[in-house]
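One-letter residues, chain by chain:
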Amino acid sequence: MTIRKTVVAGQFYPNNSHEIDDMFTNYNKILDENIDELKLLDIKPKAIIVPHAGYIYSGFTANIAYRVLKNSEARCVVVIGPSHHAYINGISISDYERYETPFGDLPIDETLINELKTKFNLYLHPDAHFEHSTEVQMPFIKHYLPNTSVVELVYGKQIPSELAEIIDFILDDPRNLVVISTDLSHYYDIKKANILDNICLDAVEQLDISKLHQGCEACGRTGVEAMLICAKQKGLRSILLDYRTSADTSGDKNNVVGYMSAAFVK
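Predicted, not measured: the structure shown is a model, and the values here were computed from it. (Residues numbered from 1 in each chain as written. Predicted model: local features only at pLDDT ≥ 70, side-chain atom pairs only at ≥ 80, totals over all residues. Heavy atoms only, no water.)

Participant: Would you take a moment to explain the overall build of the protein for this structure?
Facilitator: Counting its secondary structure elements, the protein contains 10 helices and 11 strands. By its C-alpha atoms, the protein is 45 × 45 × 35 Å across when sized along the principal axes. The buried share of the protein, reckoned over its 266 residues, is 56%. Across the protein, the fraction of contacts at a sequence separation of at least 24, relative to all contacts at a separation of at least 6, is 80%. (Helix = DSSP H or I, 4+ residues; strand = E, 2+ residues; numbered from the N terminus. Buried < 20%, exposed > 50% of the residue type's maximum accessible area, 1.4 Å probe, protein only. Contact = heavy atoms within 4.5 Å.)

Shown next as structure tokens:
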């Protein structure tokens, strides 16, 4: 059996399921005590945008999105993230059988993988799957949707409209969900980071693709743009769930990274 082994457990997130569970419990306690609109937690997204930094920095922001994602009845969750370590031209698909997490393995959806490989000529580039942007999502999925399967797509140089076609195909099946992984601006002071990040937030909220190119510095901007294209085609609307920066945890306002989460609903 081929397994996509964890590579950043113990670095970006704990390698112990009990520690992760404690983190999620704490995130939800804070959320329940501070949320203004309880109805927000009842939405059923078709797709979400989430960050991919270490849990101590972006876990709370991601957790909100996964908490509402669990409301959807999912057969498969497709996680799409940018490659940070390997240069690839196009998209690599995780052609394995299982995906390891501290909560136990997730089955990888071989049927959907074969469909995507055939229809879109996707391939496995093994070096691309030593990737944290996608891996950090898997413990959330296993925790909140324990009976689902997954597919991991990692992209490098990629035309957003072509990725949008893949997302559109995935979402044609109402049992599938999509996770778009991205962080926002990197290593500016807090004032500059807020300015740049608000461009991204406005673009997502308004489904304004042109605005993404007016200063949004999201590392996963290709995935975000593809999701906005698909959302407009499918008549989905976006809901911003959370925005914060690493300064909220570290206290360092001189070199911050921005994080957002959003949901796409009918």
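Participant: What am I meant to see in the sheet that holds strand β1 (residues 3–4) here?
Facilitator: Backbone hydrogen bonds hold the strands of a sheet together, and the pairing may be parallel or antiparallel. Spatially, β1-β5-β6 is the arrangement adopted by the three strands of the open sheet, whose pairing is mixed. Strands at the two margins of the open sheet, each flanked by one partner only, are β1 and β6 (106–107). Across two bridges, β1 lies against strand β5 (residues 98–99) in parallel orientation. Pairing of Arg4 across the sheet is with Tyr99, part of β5. (Pairing = 2+ DSSP bridges.)

Participant: In this structure, what is going on with the environment of Glu115? I would like to understand it.
Facilitator: Examined against the element boundaries, Glu115 turns out to sit in helix α3 (residues 110–120). Through-space distance from the C-alpha of Glu115 to that of Phe169 is 9.9 Å; in sequence the pair is 54 residues apart.

Participant: Help me understand the pairing of strand β8 (residues 176–181) in this model?
Facilitator: Remark: a regular strand shows side chains that alternate across the two faces of the sheet. Counting buried residues in β8 gives six out of six residues, a clear majority hidden from the surface. Because side chains alternate across β8, one face comprises the buried residues Asn176, Val178 and Ile180, and the other comprises Leu177, Val179 and Ser181, equally buried. Pairing between strand β3 (residues 76–82) and β8: five bridges, direction parallel. Paired with Val78 across the two strands is Val178, which belongs to β8.

Participant: How should the packing of aromatic side chains be read in this particular structure?
Facilitator: The geometry of two aromatic rings is summed up by the distance between their centres and the angle between their planes. Enumeration according to the criterion identifies 10 aromatic pairs in this entry. Ring centres 4.8 Å apart and planes at 5 degrees place the aromatic pair Tyr66 and Phe140 in the stacked group. With a gap of 74 residues between them, Tyr66 in helix α2 (residues 55–69) and Phe140 in helix α5 (residues 138–144) connect regions that are remote in the sequence. Here the two residues Tyr66 and Phe140 agree in accessibility, since each one is buried. Aromatic ring contacts, followed pair by pair, group Tyr13, Phe24, Tyr27, Tyr55, Phe60, Tyr66, Phe103, Phe140 and Tyr144 into a single cluster. Across from the ring centre of Phe120, 5.8 Å away, lies the NZ or CZ of Lys119, which sits over that ring. (Phe/Tyr/Trp six-rings, centres within 6.5 Å; stacked < 30°, edge-to-face > 60°. Lys NZ or Arg CZ within 6 Å of the ring centre and 35° of its normal.)

Participant: It is not clear to me how the state of the cysteines should be interpreted in this structure. Could you clarify?
Facilitator: In a disulfide, the sulfur atoms of two cysteines are covalently bonded to one another. By the definition in use, this model includes one disulfide. Sulfur-sulfur distance for the disulfide between Cys200 and Cys216 comes to 2.2 Å. On the sign convention where negative is left-handed, the bridge of Cys200 and Cys216, at about 110 degrees about the S-S bond, is right-handed. With Cys200 in helix α7 (residues 190–206) and Cys216 in the loop between α8 (209–212) and α9 (221–234), this pair connects stretches of sequence that are 16 residues apart. By relative accessible area, Cys200 is classed as buried at 2%. Judged by relative accessible area, Cys216 falls into the buried class, the value being 5%. Of all cysteine sulfurs in the structure, the one in Cys230 sits closest to Cys76, which takes part in no disulfide; the separation is 15 Å. (Disulfide = S-S within 2.5 Å.)

Participant: Sorry, what's going on with the packing of helix α6 (residues 160–172) against α9 here?
Facilitator: Each pair of packed helices gets described by two things: the angle between the helix axes and the distance between those axes. Closest axis-to-axis distance for the α6/α9 pair is 8 Å, and the angle between their directions is 55 degrees. Judged on the interaxial angle alone, α9 and α6 are oblique. Two packed elements cross with a definite hand, and for α6 against α9 that hand is right-handed. Judged by residue contacts, Pro160, Ser161, Leu163, Ala164, Ile167, Asp168, Leu171 and Asp172 of α6 engage Thr222, Gly223, Glu225, Ala226, Met227, Ile229, Cys230, Gln233 and Lys234 from α9. For the contact of α6 with α9, the per-class residue count stands at nine nonpolar, four polar and four charged. (Axes fitted to C-alpha atoms, helices over the stretch in contact; angles between N-to-C directions. Parallel < 35°, antiparallel > 145°, perpendicular 65-115°, else oblique. Left-handed = near helix turned anticlockwise from the far one by under 90°. Nonpolar A, V, L, I, M, F, W, Y, C, P; charged D, E, K, R; others polar.)

Participant: For this particular structure, what's the right way to read the layout of surface pockets?
Facilitator: By rolling a water-sized probe across the atoms, one finds the places where empty space is left. By volume, the largest pocket amounts to about 190 Å³. Around the largest pocket, the lining comprises 15 residues; the ones closest to its centre are Ala53, His186, Tyr187, Val257 and Tyr259. Elements with a minimum of two residues in the lining of the largest pocket: β9 (186–188) and β11 (256–265). (1 Å grid on protein atoms, 1.4 Å probe; cavity = no way out; pocket = protein on both sides within 12 Å on 5 of 7 lines; lining within 4 Å. Points joined across faces, edges and corners; volume = space filled by probe spheres on them.)

Participant: Teacher, can you tell me more about unusual backbone geometry here?
Facilitator: Generally, phi is negative for residues other than glycine and the peptide bonds are trans, each holding for most cases. Non-glycine residue Asn121 carries a positive phi angle of around 55 degrees. Along the polypeptide, Asn121 turns up in the loop between α3 and α4 (132–135).

Participant: Just checking my understanding: could you explain empty space enclosed by the protein for this structure?
Facilitator: Summed over the entire model, instances satisfying the criterion amount to one cavity of 30 Å³ or more. Volume-wise, the largest cavity comes out at about 30 Å³. Every residue lining the largest cavity is listed: Pro51, His52, Ala53, Tyr55, Ser58, Gly59, Ala62, Val136 and Phe140. If one sorts the elements of the lining of the largest cavity by residue count, α2 sits on top with four residues. By residue class, the composition of the lining of the largest cavity is six nonpolar, three polar and no charged.

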